[in-house]
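# Descriptive analysis of the structure
Here is how the chains run, residue by residue.
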Amino acid sequence: MKPVTTLIIIALSTLLILAVSPYLGLTVDDPAIQHHILTQLRLPRVLFAFIAGAGLALCGMVFQAMFHNPLATPFTLGVASGASLGAAIYVYLGFSFTIVGLDGGAFAAFIGALVAISFVYSISRYQNGFSPETLLLTGVAISFFFSSLILFTQYLSNLTDSFQILRWLMGSLTTVGYQDIMQLLPFVTLCVTAILWLTRELNLLMAGDDIALSRGVSVDKIRYSLFFVTSLCVGAIVALCGPIGFIGMMVPHICRLLIGSDHRWLAPASLLFGGAFLIVCDTIARLIIAPAEIPVGVITTLLGGPFFLWLLIKSKSQGA
Amino acid sequence: MTLLLDVDNLSVTVANKDLLSSISFQLKKGDYLCVLGPNGAGKSTLLKALMGIIKSTEGVISLNKQSLSDLSQKQLARQISYVPQVQSQPLNFSVIDFIKMARYAYHSAFSDWSADDQQALEHAIHITSTDLFLHRQMNTLSGGEAQRVMIAAALCQQTPLLLLDEPTSFLDPHHQVEVHQLIQNLNQQHNISIIEVSHDLNHAAQHSQHILALKQGHHLWYGASSDLLQTERLQALYQQQFVFTSHPQTGAVVALPSENKLGEAQ
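Everything numeric here is computed off the predicted structure, so don't read it as measured data. (Residues numbered from 1 in each chain as written. Chains lettered and ligands numbered in written order. Predicted model: local features only at pLDDT ≥ 70, side-chain atom pairs only at ≥ 80, totals over all residues.)

## Re the domain arrangement of chain B
Residue and element names in this part refer to chain B.
- The domains assigned to chain B are domain 1 (3–228) and domain 2 (229–266).
- Taking only C-alpha atoms, the centre of domain 1 and the centre of domain 2 are 28 Å apart.
- If you look at the interface, domain 1 gives 13 residues, while domain 2 gives 9 residues.
- For the side of domain 1 that touches domain 2, the secondary structure elements donating two or more residues are α7 (201–207), β9 (210–215) and β10 (218–224).
- Here the element with the most residues in the side of domain 1 that touches domain 2 is α7; it accounts for 4 residues.
- Classifying every residue of the side of domain 1 that touches domain 2 by side-chain character gives 8 nonpolar, 3 polar and 2 charged. (Domains from an automatic or database assignment. Contact = placed C-beta atoms within 7 Å. Helix = DSSP H or I, 4+ residues; strand = E, 2+ residues; numbered from the N terminus. Nonpolar A, V, L, I, M, F, W, Y, C, P; charged D, E, K, R; others polar.)

## Some points on the interface of chain A and chain B
- Residue-level contacts link 20 residues of chain A with 22 residues of chain B.
- Elements supplying a minimum of two residues to the side of chain A that touches chain B: α8 (199–206) and α9 (209–215) of chain A.
- The element contributing the most residues to the side of chain A that touches chain B is α9 of chain A, with 5 residues.
- Taken together, the residues of the side of chain A that touches chain B break down into 8 nonpolar, 8 polar and 4 charged.

## Quick notes on helix α12 (residues 263–287) of chain A
- Given a rise of 1.5 Å per residue, 25 residues ought to cover 36 Å, and the 35 Å separating the end C-alpha atoms of α12 of chain A matches this to within 8%.
- With 21 of 25 residues buried, α12 of chain A is to be regarded as a mostly interior element. (Expected span 1.5 Å × (residues − 1). Buried ≥ 20, exposed ≤ 12 C-beta atoms within 10 Å, placed from the backbone.)

## Comments concerning the pairing of strand β4 (residues 57–63) of chain B
Residues and elements named next belong to chain B.
- Relative to β4, strand β1 (residues 3–14) is paired through 6 bridges, and the arrangement is antiparallel. Bridged to Asp8 within β4 is Val60.
- Judged from the 2 bridges that link them, β4 and strand β5 (residues 66–67) form a sheet pairing that is antiparallel. Note that in β5 the partner of Ser62 across the bridge is Ser67.
- Between the end of β4 and the start of β5, which pair antiparallel, lie 2 residues, with Asn64 showing a positive phi angle near 50 degrees. (Pairing = 2+ DSSP bridges.)

## A closer look at the nonpolar core
- The biggest cluster of nonpolar side chains holds 179 residues, and the ones touching the most others in it are Leu58 and Ala236 of chain A together with Ile99 of chain B.
- Tallying contributions element by element places helix α2 (residues 31–66) of chain A first for this core, with 17 residues.
- When residues no more than four places from it in sequence are discounted, the contact partners of Leu58 of chain A are Cys191, Val192, Ile195, Ala267, Ser270, Leu271 and Gly274 of chain A. (Core = buried A, V, L, I, M, F, W, Y, C linked by C-beta atoms within 7 Å.)

## Points about the packing of α2 of chain A against helix α11 (residues 247–259) of chain A
All names here are of chain A.
- Between α2 and α11, the shortest axis-to-axis distance is 7 Å and the interhelical angle comes to 75 degrees. In terms of axis orientation, α2 runs roughly perpendicular to α11. Where α2 approaches α11, its residues Gly53, Leu56, Ala57, Cys59, Gly60, Met61, Phe63 and Gln64 are matched on the opposing element by Ile247, Gly248, Met249, Val251 and Pro252.
- Class assignment for the residues of the contact of α2 with α11 results in 9 nonpolar, 4 polar and no charged. (Axes fitted to C-alpha atoms, helices over the stretch in contact; angles between N-to-C directions. Parallel < 35°, antiparallel > 145°, perpendicular 65-115°, else oblique.)

## Thoughts on helix α5 (residues 143–156) of chain B
Residues and elements named next belong to chain B.
- Its 14 residues give α5 an end-to-end C-alpha distance of 20 Å, which sits within 8% of 20 Å, the value for a rise of 1.5 Å per residue.
- For α5, the buried fraction is high: 11 of the 14 residues fall into the buried class.
- Of all the residues in α5, the buried ones are Ala146, Gln147, Arg148, Val149, Met150, Ile151, Ala152, Ala153, Ala154, Leu155 and Cys156.
- At its buried positions, α5 is contacted by β6 (80–83), α3 (95–101), α4 (115–128), β7 (161–165) and α6 (173–188).
- Positioned one or two residues after α5, Gln158 has a phi angle of 50 degrees, which is positive.

## Brief notes about the pairing of β6 of chain B
Residue and element names in this part refer to chain B.
- With burial as the criterion, each face of β6 is covered, one bearing Ile80 and Tyr82 and the other bearing Ser81 and Val83.
- Here 4 bridges tie β6 to β7, and the two strands are oriented parallel to one another. Each bridged residue has a counterpart across the sheet, and for Ile80 the counterpart in β7 is Leu161.

Following this line, the structure appears as structure tokens:
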């Protein structure tokens, strides 16, 4: 199948999911209440899930291309943990500030993400290139390190803050309204625009730094720009709905199987698929033990864990 | 002939190790230079410094009288192309897509594929005879095929200077000859200047025009390739004795490693 056909099919499926999912699990009969639930609760939630899922999937795709590793994502490399720590400290210190109308938590998470990514990158660079094992182990170590700092922050916090941190760490879209969308949209839009702009560079980075440089890509400049925008994006998403794991690993990989490795097609496909995927996961999280809900992060991680193992075994058996 | 490349006092230090110390040489347009030297001599480092892959360099490299440090990476990629020693990343691109990607330096973010691009592509494919497997995936190619694709991609960049890092090291004799003929053809018919890193003394002596011999990052010898195959010269370079004979077909002098250890009487 031609990439353009695949992309159209993905786009149509996404539209279908966007249209149908708000109506699922609608238990009240009163039309007025129905209307209120749909427009004030469901619609913003679905839109938010789409934006967050799209952002996470694209950031995952960028990490996989830059580190030449299907298992490298903002989550496996500890960047999301860094963002979580930033956001947790923001809650603990009781800060409440805005920068040009945007919530300070997102910026705190962004700084945490940037610290983590600088750490992983400098270590993997010091270790003579990106050996997949070094990279993932560094990510694991950083995740543990930041997780214990989050626990420490939580321990120091009072009960309300502590619960707030815990609830949010599970990754959830429950309390989302239109104002959250407006908080998230600028970060994700910036990141998506930058990534769609740099698809040819991503293609060349996949061939390795030496090839990319010899073709004329300013590798360091591109890499630092991508680190910057993905940190912003992951930071904002993590600050607003917690670390929703594994989307960034699963979605680009599935899309690569569907549409190929060319980022000019892979990027839009991952964006749409990622958005639709998080909507589906969130709908499942909403329905599975209705009327109660489980955090969507639980669903994505339950799906993602086995997927991660499968990729690991597959890449080992191929010797890649 | 006019001067293409002028390397003046080039030194490269990475992590406190001197990989290259004060290397100077010149390359005229249409020249074919082979860089020889034992492992760890800094041959690959030299190519990477020229290509802007290693940036921690001292000294001046100028191309057409313009300093390389004044060029952006994109401008550089329109002047110099590079075929690395091994392609380490397994790639999920088709051959044609991979070759097309080499036109990056001529494009901005959303520019279309132009007639010039198409011409460069067809030319590169034609010279390298890669048309037989254009739609195969990169990761399914044999060593010889992959090397031809890498050269095709470099040609697609339409640069006056081509750098090749041991282009035949991992190939069987048949494909070695094939790739060597291709390089000769590029140099002689298409007037592309070439710097090739090689361990193949006889190939270098017969087919290239000049030799640059490096040892432990230092300049050891530079001269015409016809002067390469001499006892003292090779012995100083490789710490190895050589014996000489002539090729039964062409009569050209051929060097072979001697059975004797260095210092033993012949």
